[in-house]
Structures are given as C-alpha cells and as structure tokens.
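What follows is each chain in one-letter form.
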Amino acid sequence: MRVIPLLIASIFSCSSSTQTGGRALGSARLANGNYLGLDRNLYPGDDTLSAIAKRFSFIGYWLNNPPGTQSNSWLGKRVVLRSHNFGFLVLWNGKLDKEILASLKSGTSATTLGMTDAKDAVQAAKREGFPAGTILFLDQEEGGRLLQEQAAYLFAWTERVTTAGFRAGAYVSGQPVPDGPGKTITTAQNIKDTVSAKHLHPIALFVAQDSTPPSNGCTVTPPPLAASGTQGAIAWQYSQSPRRSVVTQAFMKTYANDGNCYVPELPGVPLDLDVAQVRDPSEAR
C-alpha cells in the first residue's frame with residue numbers, strides 16, 4: 001500500500017508474549033513505548049517468519065486480493081502467523097472511485113456496494129478465524145477529502161461491519177492536501193469530522209504519512225505514534241515502498257538505491273513499515 005497525494009484525492013498503493021522455539025518473539029516494545037509492524041501485499045513466506053518475529057510485533061493481513069494483485073497469498077496463514085506470536089492489522093481492499101462510479105452506472109448505489117463488501121469482509125474474517133470484535137480496516141485507496149460516492153461507500157462499509165459484530169477501521173491518508181484557499185485536509189480528519197457530525201459508530205484509523213518529517217524514513221526506530229499528526233490513530237504507516245521522492249528527501253538515504261525500504265531480516269523484500277501503541281492493533285476488544 002502506498003499514498004500519492006493529489007489536490008483532490010490521494011491514491012494509496014496502502015497482547016501478551018508467548019514462546020516459540022524457547023524464545024519470546026514479536027513482543028519487544030520499542031524505546032518510545034510503541035510496537036513495530038510491517039505490511040506488504042504479498043505474503044513473505046513461512047520460512048521467513050521466525051526471523052521477522054525477532055523484530056516485528058504485528059503484520060498486515062489481507063482478507064481479499066490486495067491492491068494490484070489477482071490473488072491473495074495471505075489466506076490460510078493466520079494460524080502459522082499466530083504461532084509466531086504476531087499481532088495483526090486485518091485489511092480489506094476497498095473499491096476505487098472509478099469502480100464505485102461504474103457500479104452506480106449499472107444501478108448499484110455506493111451505499112449498497114459498501115454494505116455488500118462489508119458483508120464479504122466479515123465472512124472472510126470469520127473464515128480466517130478472526131473472532132467477533134476484531135478491527136477490520138478498509139483500505140481506502142483514494143483520499144484527500146472524500147468525494148460524495150466515496151464517503152457513501154466507506155461509511156456504509158464501516159457501519160455494516162460494526163453492526164455485524166466486528167469493529168470498523170480504515171487505512172487512510174494522514175497527509176495534508178490543499179482543501180480550498182489557505183486550508184488543508186487529511187482523509188483521516190475528514191472521516192473523524194463526519195463520524196462526529198453524523199453520530200456514526202467509531203472508526204479506528206490506520207494512517208499513511210511517510211513525509212519526512214514527521215516520519216524519519218526507512219528505519220526500525222520510528223517516531224512515536226503520537227507524531228503521526230492524526231490524534232487517536234491506532235497505527236501509523238511511516239515508511240512505504242517505493243518511497244515518494246517529493247516528500248522523503250530529508251531521509252532519502254535511509255532507503256535503498258532502488259527507492260524501496262528493506263530490513264535485514266528480509267533482504268531483497270520491499271516493505272511498508274508501521275508503528276502502533278499496542279502489539280496487536282486489530283485484536284478484539
């Protein structure tokens with residue numbers, strides 16, 4: 001997943017410790033009191049998990065095909081990931097605006113589309129073994145201030161997920177973009193304002209903001225979650241692969257020459273890096 005801010009919209013590409021093999025894995029708290037996580041569209045492979053778990057506490061988990069893919073390599077991997085003590089960011093790839101508009105032309109409203117996708121997300125979460133109360137994050141691939149049909153789709157999805165016994169979340173842009181003369185907006189703030197104004201169910205926010213600052217680039221020692229710029233966010237994606245050259249100049253040397261973010265545990269595997277206040281951001285509460 002990644003975010004590219006535009007004037008009107010932004011496009012995203014976007015517990016307790018147990019023992020495994022006699023060693024506590026994936027439970028180390030960072031010096032700033034937060035926990036480190038990663039997400040990527042393709043499953044990294046069972047043979048990489050022990051190495052990853054030495055440093056990372058949680059991992060993104062797709063319930064449907066991730067952006068830009070034709071299949072989902074994460075399905076059926078919850079048990080093996082949990083055996084390595086990973087927490088989760090449980091993700092559902094939402095519809096792009098052009099897809100919502102196409103549905104409108106064919107007679108399906110944005111609200112109906114959102115409710116249908118929410119039903120599918122809940123069913124997928126149950127099949128994968130995630131219990132009721134788990135936070136499911138809608139990957140909102142376009143941001144800025146939501147267009148009317150985007151808002152109808154997103155809030156129909158989040159309301160339906162909540163009434164189905166799960167908790168609704170959204171992966172959205174925390175990157176400020178112009179919103180009229182002398183004003184800026186983030187998708188995250190737009191959602192928070194709408195939830196408050198319309199008295200909707202709460203939406204947990206997983207925000208993408210890789211600008212440097214507040215991000216310090218591709219590093220496993222990120223700033224605290226509170227530095228993301230989105231008050232109350234549950235997780236922050238602070239580094240993306242490939243990096244966005246315009247907003248990451250200050251820490252460009254933390255990325256590889258090809259512009260991607262890598263860590264020693266996964267050489268040659270580009271990652272997005274995340275930070276959260278809890279080691280299992282999607283955990284049922």
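Let me begin by describing the structure that accompanies this report.

Conventions used here
- Residues numbered from 1 in each chain as written.
- Predicted model: local features only at pLDDT ≥ 70, side-chain atom pairs only at ≥ 80, totals over all residues.
- Heavy atoms only, no water.
- Core = buried A, V, L, I, M, F, W, Y, C linked by side-chain atoms within 4.5 Å.
- Buried < 20%, exposed > 50% of the residue type's maximum accessible area, 1.4 Å probe, protein only.
- Contact = heavy atoms within 4.5 Å.
- Pairing = 2+ DSSP bridges.
- Helix = DSSP H or I, 4+ residues; strand = E, 2+ residues; numbered from the N terminus.
- Axes fitted to C-alpha atoms, helices over the stretch in contact; angles between N-to-C directions.
- Left-handed = near helix turned anticlockwise from the far one by under 90°.
- 1 Å grid on protein atoms, 1.4 Å probe; cavity = no way out; pocket = protein on both sides within 12 Å on 5 of 7 lines; lining within 4 Å.
- Points joined across faces, edges and corners; volume = space filled by probe spheres on them.
- Salt bridge = Lys/Arg side-chain N within 4 Å of Asp/Glu carboxyl O.

## Thoughts on the nonpolar core
Right, on to step 1. Core analysis: the biggest nonpolar cluster contains 71 residues, and Leu63, Leu81, Leu136, Trp157, Ile191 and Leu273 have the highest contact counts within it.
Right, on to step 2. When neighbours within four sequence positions are excluded, Leu136 is seen to be in contact with Leu63, Val90, Ala121, Val122, Ala125, Trp157, Val161, Phe166, Arg167, Ala168 and Gly169.

## Focus on the sheet that holds strand β5 (residues 35-39)
Right, on to step 1. Spatial ordering of the closed barrel is given by β5-β6-β7-β8-β9-β12-β13-β14, a layout of eight strands whose pairing is mixed. For this sheet, the mean angle separating the axes of adjacent strands, direction not counted, is 30 degrees.
Right, on to step 2. Relative to strand β6 (residues 58-62), β5 is paired through two bridges, and the arrangement is parallel. Across the sheet, Leu38 pairs through a bridge with Ile59, a residue of β6.
Right, on to step 3. Docked against the sheet, helix α4 (residues 110-127) engages β7 (87-93) and β8 (135-139), running at close to 145 degrees with respect to β7.

## Digging into the packing of α4 against helix α5 (residues 148-163)
Right, on to step 1. At a closest axis distance of 7 Å, the pairing of α4 and α5 adopts a crossing angle of 35 degrees. Viewed along their axes, α4 and α5 form a crossing whose handedness is right-handed. In this structure, α4 contributes Ala110, Thr111, Leu113, Gly114, Met115, Asp117, Ala118, Lys119, Ala121 and Val122 to the contact, and α5 contributes Glu149, Ala152, Tyr153, Ala156, Trp157, Arg160 and Val161.

## Let's talk about the layout of surface pockets
Right, on to step 1. Counted as a void, the largest pocket has a volume near 300 Å³.
Right, on to step 2. What lines the largest pocket is a set of 19 residues, among which Ala204, Leu205, Gly232, Ala233 and Ile234 lie closest to the centre.
Right, on to step 3. Going through the elements one at a time, α6 (187-198) and β12 (204-208) are the ones with two or more residues in the lining of the largest pocket.
Right, on to step 4. Residue contributions to the lining of the largest pocket peak at three residues, all from α6.

## Topic: the pattern of salt bridges
Right, on to step 1. Applying the stated criterion across every chain, the model contains six salt bridges.
Right, on to step 2. Glu265 is the partner of Arg55 in a salt bridge, and the nearest nitrogen-oxygen pair spans 2.8 Å. Linking Arg55 in the loop between α1 (49-53) and β6 with Glu265 in the loop between β13 (235-239) and β14 (272-276), this pair joins segments that are 210 residues apart in sequence.
Right, on to step 3. Residue Arg55 is classed as partly exposed on the basis of its relative accessible area, which comes to 30%.
Right, on to step 4. Across the pair Arg145 and Asp179 runs a salt bridge, and its minimum N-O distance is 2.8 Å. Highlighted residues: Arg145 in the loop between β8 and α5 and Asp179 in the loop between β10 (177-178) and β11 (184-185), separated in sequence by 34 residues.

## Some remarks on the pairing of β14
Right, on to step 1. When you tally the buried positions in β14, you get five out of five residues, the bulk of the element.
Right, on to step 2. Here β14 shows no split at all, with Asp272, Asp274 and Ala276 on one side and Leu273 and Val275 on the other all buried.
Right, on to step 3. Examined bridge by bridge, β5 and β14 share five bridges and lie antiparallel to one another. Each residue of the ladder has a partner; that of Tyr35, found in β14, is Ala276.
Right, on to step 4. Here β13 runs beside β14; their pairing, made up of four bridges, is antiparallel. Pairing of Trp236 across the sheet is with Val275, part of β14.

So yeah, pure geometry; function would need other evidence.
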